[in-house]
Amino acid sequence: MTTFSGRRTRVLAATTATAGLVLVAACTSTGSGGSGTKTAAGGVQLVKAGQLTTCTHLPYPPFQSERNGKYEGFDVSMIDLVAKDLGVKQQILDTPFENFKTGAFLNSGQCDLAAAGMTITAERKKNVDFSDPYFDATQALLVDKNSGITSLADAKAKKVKLGAQAQTTGEDYAKKQGFDPVSFESSDAVLNGLRAGQVKAVVIDYPVVQGWLKDKANADAFKLAGQINTGEQYGFTVKKGNTKLLAAINKAIKNAKADGTYKKLYEKWIGPYDAAAASPSAS
């Protein structure tokens, strides 16, 4: 997933357990953790004292979204594990997704890490350091039930108007298949475009479709016409050279997979657990 937005940037508290919108003031002292220092457990340096600041792009359910003032999702829950290990709380900064490719908000010291369902690519590795893969992702073709579309090849043959999220790997894939997709700025916008009839089909990350079709009204009107295995894997990112934080993230991912926490979070936010999603291999 990759996108950009002109939305005003918002700083919001995000933990799965609490809904308080609390900003923690940064301090300049150093030490071994706690609200008065920018140094957390393991010597990890934070951009703001007492908090792990996460750049993300909302909404992108089931990985991160807002509901009733709470910020939740699979990515949010995974980074909460990192924050817990560091002895701090996670705070979310909602930003344009284009900065994740360049690492701009990491380099400027506005965020410690980025978590936004981002596919690991060689091009992105030039600007940021990725964690170990934490999720195997596939794309999906979602269509209006009345469209008569049965596959991506069928959609191409019928020259239907196809939608995708701007600057995403899904959009890239559609273009490589010979489509000129209508670009939408977010996953919600893609799905709303399909619902409104702006497009007859969309290519979008499969986990997003899974969550969307849980709604009966959506399932009655739209259907999955096919899954597309593009070999993608998601990773969290940090500023290049931030080895201590990267190690803390990788440790949290590894421990979650080993002790069953990953499986529980997967089933809570995404659906029936697929062991392949926990594959340690890099894409």
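The structure reproduced in this document is the subject of the present report. Please read all numbers here as calculations on a predicted model, not as lab measurements.

Check the secondary structure of the protein and you find 11 helices and 13 strands. Residues classed as buried in the protein amount to 51% of the 283 residues present. Look at the contacts in the protein between residues 6 or more apart in sequence, and 70% of them connect residues 24 or more apart. In the form shown here, the protein has an accessible surface area of approximately 12,300 Å², with 51% of it arising from carbon and sulfur atoms.

Glancing now at the sheet that holds strand S10 (residues 182-184). With mixed pairing, 5 strands are arranged side by side in an open sheet as S10-S9-S11-S8-S12. Lying at the two open borders of the sheet, with one neighbouring strand each, are S10 and strand S12 (222-234). Here the average twist between neighbouring strands, direction ignored, is 25°. Examined bridge by bridge, strand S8 (residues 135-144) and strand S11 (residues 201-205) share 5 bridges and lie antiparallel to one another. In the sheet register, Leu-141 faces S11, and the bridge partner there is Val-203. Packing of helix H7 (residues 187-195) onto the sheet brings it into contact with S8, strand S9 (162-165), S10, S11 and S12, and relative to S11 it is tilted by some 155°.

What follows deals with the state of the cysteines. For the structure on display, the rule yields 1 disulfide. Each disulfide pairs two cysteine sulfurs, and for Cys-55 the partner residue is Cys-111, the sulfurs being separated by 2.0 Å. Taking the sign of the S-S torsion, about 65° here, the bridge from Cys-55 to Cys-111 comes out right-handed. In this pair, Cys-55 is assigned in strand S2 (residues 51-56) and Cys-111 in the loop between helix H3 (104-107) and strand S6 (113-114), connecting sequence segments 56 residues apart. Pair check on accessibility: Cys-55 and Cys-111 agree, each one buried.

A few words now on unusual backbone geometry. Residue Leu-58 is joined to Pro-59 through a cis peptide bond whose omega torsion reads -5°. Looking at the element boundaries, Pro-59 is found in the loop between S2 and strand S3 (65-67). Going from Pro-61 to Pro-62, the amide bond is cis rather than trans, its omega being 5°. Take Pro-62: it is sitting in the loop between S2 and S3. Positive phi values are uncommon outside glycine, yet Asn-68 reaches one of about 55°. Exposure remark for Asn-68: the relative accessible area of 74% places this residue in the exposed category. For Lys-159, which is not glycine, the phi dihedral falls at a positive 55°. Here Lys-159 shows up in the loop between helix H5 (152-157) and S9.

What follows concerns the pairing of S8. Of all the 10 residues making up S8, 9 are buried; the element is thus mostly covered by neighbouring parts of the structure. In this sheet, S12 lies alongside S8 in antiparallel orientation, the contact comprising 9 bridges. When the bridges of S12 are listed, Asp-144 appears paired with Phe-222.

For the rest of this paragraph, the subject is the nonpolar core. For soluble globular proteins, the rule of thumb is that nonpolar side chains tend to be buried together. Ranked by size, the top nonpolar core spans 46 residues in total, and within it Leu-52, Phe-74, Leu-86 and Phe-135 carry the most contacts. Only helix H1 (74-86), S8, H7, S11, helix H8 (206-212), S12, helix H10 (243-259) and helix H11 (261-269) provide two or more residues apiece to this core. It is H10 that contributes the most residues to this core, 7 residues altogether. Excluding its chain neighbours within four sequence positions, the residues that come into contact with Leu-52 are Leu-46, Ile-79, Val-82, Ala-83, Leu-86, Val-88, Lys-89, Gln-90, Gln-91, Asp-112, Leu-113 and Leu-245.

Looking now at the packing of H1 against H10. At their nearest, the axes of H1 and H10 sit 9 Å apart, and the two run at 115° to each other. Taken as a pair, H1 and H10 cross one another with a handedness that is right-handed. Facing Met-78, Leu-81, Val-82, Asp-85 and Leu-86 of H1, the residues of H10 in contact are Leu-245, Ala-248, Ile-249, Ala-252, Ile-253 and Ala-256. For the contact of H1 with H10, the per-class residue count stands at 10 nonpolar, no polar and 1 charged.

The rules behind these values
Residues numbered from 1 in each chain as written. Predicted model: local features only at pLDDT ≥ 70, side-chain atom pairs only at ≥ 80, totals over all residues. Heavy atoms only, no water. Helix = DSSP H or I, 4+ residues; strand = E, 2+ residues; numbered from the N terminus. Buried < 20%, exposed > 50% of the residue type's maximum accessible area, 1.4 Å probe, protein only. Contact = heavy atoms within 4.5 Å. Areas by Shrake-Rupley, 256 points an atom, 1.4 Å probe, with all protein chains shown as cover. Pairing = 2+ DSSP bridges. Axes fitted to C-alpha atoms, helices over the stretch in contact; angles between N-to-C directions. Disulfide = S-S within 2.5 Å. Core = buried A, V, L, I, M, F, W, Y, C linked by side-chain atoms within 4.5 Å. Left-handed = near helix turned anticlockwise from the far one by under 90°. Nonpolar A, V, L, I, M, F, W, Y, C, P; charged D, E, K, R; others polar.

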